[in-house]
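Residue-level listing of the chains:
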Amino acid sequence: MSVFDAITRSAFPKIAYVIEPRFSGGTSAAVAAELRVAVEFGIVEVHAVTSKTFGENQNVAPVLRRVLDELRIPLVWDAPRISADFVILHNPAFLKFQDALNTKIFARSLIVVTHENFLRPGGAEGFDVLACLSRIEEATLALRKYLAPISPYNRKTVKEWLAMSRIARQWAVLDADWFNICQTEVQSPCEMPQDRRGRHSRPGFEKFPSIDDLDSCFPKHAKSNVILGADALLNAQVLRAHWKMLPFDGISVDEFFSMIDFYVYFTAPTWQESFGRAIAEALAAGKVVLSNPETAATFGDAVVSCHPGDVDQIISDLIAKPDRYHEQVTRSKTSLAQYSAASFRTMLASVLTAQSEVLR
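Thresholds applied
Residues numbered from 1 in each chain as written. Predicted model: local features only at pLDDT ≥ 70, side-chain atom pairs only at ≥ 80, totals over all residues. Heavy atoms only, no water. Helix = DSSP H or I, 4+ residues; strand = E, 2+ residues; numbered from the N terminus. Buried < 20%, exposed > 50% of the residue type's maximum accessible area, 1.4 Å probe, protein only. Axes fitted to C-alpha atoms, helices over the stretch in contact; angles between N-to-C directions. Parallel < 35°, antiparallel > 145°, perpendicular 65-115°, else oblique. Contact = heavy atoms within 4.5 Å. Pairing = 2+ DSSP bridges. Right-handed = clockwise from strand over helix to strand, strands pointing away.

### With respect to the environment of Arg-166
Next up, step 1: For Arg-166, the location among the structural elements is in the loop between helix H5 (152-163) and strand S7 (172-173).
Next up, step 2: Using a relative accessible area of 61% as the deciding quantity, one classes Arg-166 as exposed.
Next up, step 3: Note: C-alpha distance between Arg-166 and Leu-130 (36 residues apart in sequence) is 9.1 Å.

### Quick word on the packing of helix H11 (residues 311-320) against helix H12 (residues 322-337)
Next up, step 1: Interhelical geometry of H11 versus H12 gives an angle of 110° and a closest axis separation of 5 Å. One finds that H11 runs roughly perpendicular with respect to H12. In this structure, H11 contributes Asp-317, Leu-318, Ile-319 and Ala-320 to the contact, and H12 contributes Pro-322, Arg-324 and Tyr-325.

### Focus on helix H4 (residues 129-139)
Next up, step 1: Most of H4 sits inside the fold, with eight of its eleven residues counted as buried.
Next up, step 2: Residues Val-129, Ala-131, Cys-132, Leu-133, Ser-134, Arg-135, Ile-136 and Ala-139 constitute the buried set of H4.
Next up, step 3: Structurally, H4 contributes buried residues whose contacts are with strand S4 (81-90), strand S5 (104-114), strand S6 (140-149) and H5.

### A look at the pairing of strand S8 (residues 196-200)
Next up, step 1: Taken across its five residues, S8 has four buried, putting it largely inside the fold.
Next up, step 2: In this sheet, strand S9 (residues 224-228) lies alongside S8 in parallel orientation, the contact comprising five bridges. Its bridge partner lying in S9, Arg-199 is registered against Ile-227.
Next up, step 3: Chirality of the crossover, the property in question, places the unit of S8, helix H6 (residues 211-217) and S9 among those that are right-handed.

What follows is the structure, given as C-alpha cells:
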C-alpha cells in the first residue's frame, strides 16, 4: 500500500492550510518550507485570513510569496467556507484580536500548529489561548481536532495549559512535534575564531534581555558586537559606541553571519522561544551559539547552554582552543538533521496515515 493510499481512500487527499500570511518571522518561513513537502501528499490549498493583528493590507511575507509562486498555489483570501480531508491551521495566536474566525471549516481532521507558547515563564498566558481556540472550535466541524506543538518546550506549555482548561477534552495533542524545517548543511567554521559576537531577531522588546545582560554579552573588549534587528534599541536611543546596531532588514542574514564567530542569544525573562529558528540559522552558518538552557534544549549539545554572566569566559576559552570551537560547530550537523525536510516528510506521512486509519 502506498503512502497516498494509506492516507485516504482517495489517491490524493485534499489538504487545506489556513494561515495569516503576513507574519514576518519564523511562522511564515516554517509554513513556506512545509508547503514544499505537503504537496507530495495530496492536493494543497492555502487560505489566508485577514486578521486584526496585521490590519487590511495584503503584504504577504516574501518568503511565503516566493514558495507559493514556485509551487503555483493560489492564495485564497477570506474564503467563507473551507472543506478538506485535512485542515492545517498555523499559529492560532493571530486570532487574539478577533471576535470570530469568519470562515467555516469542514474537515475529517483539523490540526492546529501551536507556534507560540501557551504559557510564558512564570505561568502567565502567552496570549488569550482560550479565546483563540474557542473561535476555531466555533467555526469548525471536524471528526478530530488536534494541537500540534513545535518543540518539547512548546509541548510543555500546551499540556500545562490544557491541564487547567475547561476545553481540554475538545483537543488532543499530537505525539510527534510539528517542528520547523531547517537548513541542515552546516558551513565550515572559521579556522581561527575571534571575539566577534552578534545576535539577530525580530525587534520586539520581548526578544531582548535586560540592558545589563546585553552589556555583559556584548562588552567593550570584544573585537566586534553586531546586533541585527535593533530597531527598538535605536528608537529608545539605547546607544553603545562598541555596538554596531542595525534595523531588522538592514543587511542580509548571510552578511550578518559573515561578521561574527559567536551567536549570543538571550531574551527577556518573561519570554521563551517556542522553537528558535534564528538559532538553527546560526548553527547552519557554522557559528558557535550560546543561549539559555530552555532554548538550547531544542538543539541538544549543538548549543552551548549558559547564562549571560558565563558568556565572556566561554568565548575566551573557545578562542584560546580553536579545536574545541570546531568540535562545537561539528555537533550542529547531528542536531539539525532531525529538523530536515526528509525528517518532516517522515513525520507528516506518519501523522496523516494515522489520522486516516482513525477516521476510516
